[in-house]
Amino acid sequence: MKIALTTIGCKLNQSEIQDLKKDLQDAGYIIVNKNQMHDLHIVNACSITHGAEQITRQKIREVKRLNPHSQIFVMGYLNKSIPEINKVFKNKEGVLKYIKNRYKNQGPIPNSKFPIPKTRALIKIQDGCNFDCSYCIIKKFRGHSKSIPSDKIITQIKQAEKQDVKEIVLVGVNILLYKFGKTDFPALVKMILNETKIPRIRFSSLDPRLVNLTFLNLLKNKRICPHLHLSLQSGSNRILKLMNRQYTAQKYLQIVKATRKINPLTSITTDIIVGFPGETEKDFQDTLKFVKKIDFLKIHIFPYSARGLRCEQEEVEEKIKKKRFNKLNKIAEGQKKKFLKKMKGKIMPVLFEQKETGYAPNYILVKKKTKENLANKIINIRI
Ligand code: SF4
């Protein structure tokens, strides 16, 4: 029984497919590259936007064309199915249980343990969300927040350490909701700092409404990467309210200022939705004005796509969304250049992921011309 795996979307999806790969290999199934012959292809879907769902369907058609005899299982949620799909499972546990039952006589072959990829490992700490942002369908298929026991997380990080992994990324749907027993997110991070020696700890997407002083204090530790993916969505308080985000642009700015007080080179990346229903030209201009205050390293811009949710506001025309996308994109490019300028001449400890390229702690991509293979080394580099 040979299985191929494909994932679409964010670091959370990547970590889930990585975990599934490990579980399948531990159970004796052979994981092959999607270009090799296989019996089953599992696709971890992303349906956060229309575009992401379209990419998922394209990938499914592509894998079917490459290997027409393979079954296709989807993990996750799709608004619209296609005939190429044989089965859909809500999560990793569902797909694993089904495979173990359905294919138990198809000769799992003992296989070597799945090695955690060197350099950086994605560690899933929670799933689901307790909030109700008006544009979001995540809760529909991932439910309320559920956290992974802290001892399991520590064991996984210690294993990664043994495999010489230098950086971990804590991932989840809304990681600041982490709560297992009395351990909340800051307490978990302190445990990781105390009980492991992993050189670098990075956080995935952060929800501004949950950022507090205890969290900010964590950033004083040199092992925590000064890079926050702090989801903004809009710079207009009126739109943030319609989105039910429960923070204001001013609170967002305060967080950014506080992080840069701790380390002026803290990079901020974000997501912004343009053309949210009811977004007027003034709201959009407020977003542009606000963005200019931050110096973002990267802005992921999403033209709003309705995901079957009820909305009382007037839809924004597609051509206006496109125009707003282009305008914001231009500003985002300028912001990136501005932030990168600040880096010039600074000495940064770069973790090389490949022979000549790696990342500074604040997620600046660094290239160094050298004959030496620098992969998986942390080296001080003048930018
Ligand atoms: S916080 Fe994130 S995951 Fe939770 S409802 Fe809002 S957008 Fe969705």
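Everything numeric in this text was worked out from a predicted model, so none of it was measured.

It is at 10 Å that the axes of helix 1 (residues 11-26) and helix 3 (residues 92-102) come closest, and there the two elements cross at 25 degrees. Relative to helix 3, the element helix 1 is oriented roughly parallel. Judged by the sense of rotation from one axis to the other, the crossing of helix 1 with helix 3 is right-handed. In contact with Glu16, Asp19, Leu20, Asp23 and Leu24 of helix 1, helix 3 contributes Lys92, Val95, Leu96 and Ile99. Tallied by class, the residues present in the contact of helix 1 with helix 3 amount to five nonpolar, no polar and four charged.

With that settled, the discussion passes to the confidence of the model for the protein. Per-residue confidence for the protein gives a mean pLDDT of 91, with 95% of residues at or over 70. Counting interchain partners and residues more than four positions distant, the pLDDT-below-50 stretch residues 109-114 has 13 contacts.

The next subject is the domain arrangement of the protein. Taken domain by domain, the protein consists of domain 1 (2-102), domain 2 (116-225), domain 3 (232-243 + 258-343) and domain 4 (347-382). Taking only C-alpha atoms, the centre of domain 3 and the centre of domain 4 are 30 Å apart. At the junction of the two partners, domain 3 supplies six residues and domain 4 supplies four residues. Overall, the association of domain 3 and domain 4 removes approximately 400 Å² of surface from exposure, summing both partners, and the carbon and sulfur fraction of that is 73%. Its largest share of buried area at the contact with domain 4, domain 3 owes to Leu265, Leu297 and Met343, together 69% of the area lost on that side. Counting across the interface, domain 3 meets domain 4 through zero salt bridges. Inspection of the domain 3/domain 4 interface yields two residue pairs in polar contact (both at pLDDT 80 or more). Counting residues per element, the side of domain 3 that touches domain 4 draws most heavily on helix 11 (residues 318-343), at three residues. Per-class residue counts for the side of domain 3 that touches domain 4 are five nonpolar, one polar and no charged.

This part is about the sheet that holds strand 16 (residues 347-352). Taken in spatial order, the four strands line up as 18-17-16-19 in an open sheet, and their pairing is antiparallel. Each edge of the open sheet carries a strand with a single partner, namely strand 18 (365-367) and strand 19 (378-382). Shown here is a sheet whose adjacent strand axes are inclined to one another by a mean of 45 degrees, direction ignored. In this sheet, strand 18 lies alongside strand 17 (residues 357-359) in antiparallel orientation, the contact comprising three bridges.

Let us look at the site of the ligand. Taken together, Cys129, Phe131, Cys133, Tyr135, Cys136, Ile138, Val173, Asn174, Asp207, Arg209 and Arg245 make up all the residues around the ligand. Here the residues of the shell around the ligand sort into seven nonpolar, one polar and three charged.

Bridge count for strand 14 (residues 267-274) against strand 15 (residues 298-303) is six bridges, and the pairing is parallel. In the strand pairing of strand 15, Val274 is matched with Pro303. The β-α-β motif built from strand 14, the intervening helix 10 (residues 281-291) and the parallel element strand 15 has right-handed crossover chirality.

To continue, consider the layout of surface pockets. Looking at the second largest pocket, its volume works out to about 340 Å³. Lining the second largest pocket are 19 residues, with Lys222, Ile224, Pro226, Asn263 and Pro361 positioned closest to its centre. For the lining of the second largest pocket, the element with the highest residue contribution is strand 16, accounting for three residues. Split by residue class, the lining of the second largest pocket holds 11 nonpolar, three polar and five charged.

Reading the values: the criteria
- Residues numbered from 1 in each chain as written.
- Predicted model: local features only at pLDDT ≥ 70, side-chain atom pairs only at ≥ 80, totals over all residues.
- Heavy atoms only, no water.
- Axes fitted to C-alpha atoms, helices over the stretch in contact; angles between N-to-C directions.
- Helix = DSSP H or I, 4+ residues; strand = E, 2+ residues; numbered from the N terminus.
- Parallel < 35°, antiparallel > 145°, perpendicular 65-115°, else oblique.
- Left-handed = near helix turned anticlockwise from the far one by under 90°.
- Contact = heavy atoms within 4.5 Å.
- Nonpolar A, V, L, I, M, F, W, Y, C, P; charged D, E, K, R; others polar.
- pLDDT = per-residue confidence, 0-100.
- Domains from an automatic or database assignment.
- Buried area = accessible area lost by both parts, 1.4 Å probe.
- Salt bridge = Lys/Arg side-chain N within 4 Å of Asp/Glu carboxyl O.
- Polar contact = N/O pair within 3.5 Å; in protein donor to acceptor, adjacent residues only side chain to side chain.
- Pairing = 2+ DSSP bridges.
- Near = heavy atom within 4 Å.
- Right-handed = clockwise from strand over helix to strand, strands pointing away.
- 1 Å grid on protein atoms, 1.4 Å probe; cavity = no way out; pocket = protein on both sides within 12 Å on 5 of 7 lines; lining within 4 Å.
- Points joined across faces, edges and corners; volume = space filled by probe spheres on them.

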